[in-house]
Amino acid sequence: MVAEVLELGHGKVSLICRTPYGPQVQVSIDLAVTEGRAVAVITCRPTSSWKRLDGGASWAIAGTLERHVRAALDEV
């Protein structure tokens, strides 16, 4: 699933993910802790610069990563 790690550290993770649908998806996860709570913002978009529907791949990857991020934040 993860094809390349672009950035890792200090509350930010950027990845390129492969999909079974064709296009690769760029993923950004921004983490912040405020008032004792951890907040994660996950953004996914196709890596192609021209407009192209990604067949729901961005939503599927965001949903999968959301479960993993929630589990990781619960452990902290």
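Scroll up for the structure.
Since the model is a prediction, treat every value here as computed from it, not as a measurement. (Residues numbered from 1 in each chain as written. Predicted model: local features only at pLDDT ≥ 70, side-chain atom pairs only at ≥ 80, totals over all residues. Heavy atoms only, no water.)

The next subject is the pairing of strand β4 (residues 37-46). Direction of pairing for strand β3 (residues 25-34) relative to β4: antiparallel, over a ladder of 10 bridges. What sits directly across from Ala32, in β4, is Val39. (Pairing = 2+ DSSP bridges. Helix = DSSP H or I, 4+ residues; strand = E, 2+ residues; numbered from the N terminus.)

Another aspect to go through is the sheet that holds strand β2 (residues 12-17). Spatially, β1-β2-β3-β4 is the arrangement adopted by the four strands of the open sheet, whose pairing is antiparallel. Of all strands in the sheet, those with a lone pairing partner are β1 (2-9) and β4, marking the two edges. The average undirected angle you get between the axes of adjacent strands in this sheet is 15 degrees. Where β2 and β3 come together, six bridges link them in antiparallel fashion. Of the residues in β3, the one forming a bridge with Ser14 is Ser28. (Axes fitted to C-alpha atoms, helices over the stretch in contact; angles between N-to-C directions.)

Taken together, the side chains of Met1, Val2, Val5 and Leu8 define a hydrophobic patch exposed on the protein surface, amounting to about 400 Å² of accessible area. Structurally, Leu8 is set in strand β1. (Patch = residues over 30% accessible without salt bridge, like charges linked within 9 Å, V, L, I, M, F, W, Y side chains within 5 Å. Areas by Shrake-Rupley, 256 points an atom, 1.4 Å probe, with all protein chains shown as cover. Salt bridge = Lys/Arg side-chain N within 4 Å of Asp/Glu carboxyl O.)

Bringing the pattern of salt bridges into the picture now. Under the counting rule described, the total for this entry stands at two salt bridges. One salt bridge in this structure joins Asp30 and Lys12, with 3.2 Å as the shortest N-O distance. Of this pair, Asp30 sits in strand β3 while Lys12 sits in strand β2; the two residues are 18 residues apart in sequence, bridging distant segments of the chain. Note that Arg70 is salt-bridged to Glu66, the shortest N-O span being 2.9 Å. Note that Arg70 and Glu66 are positioned in helix α1 (residues 57-75) at a spacing of four residues, about one turn of the helix.

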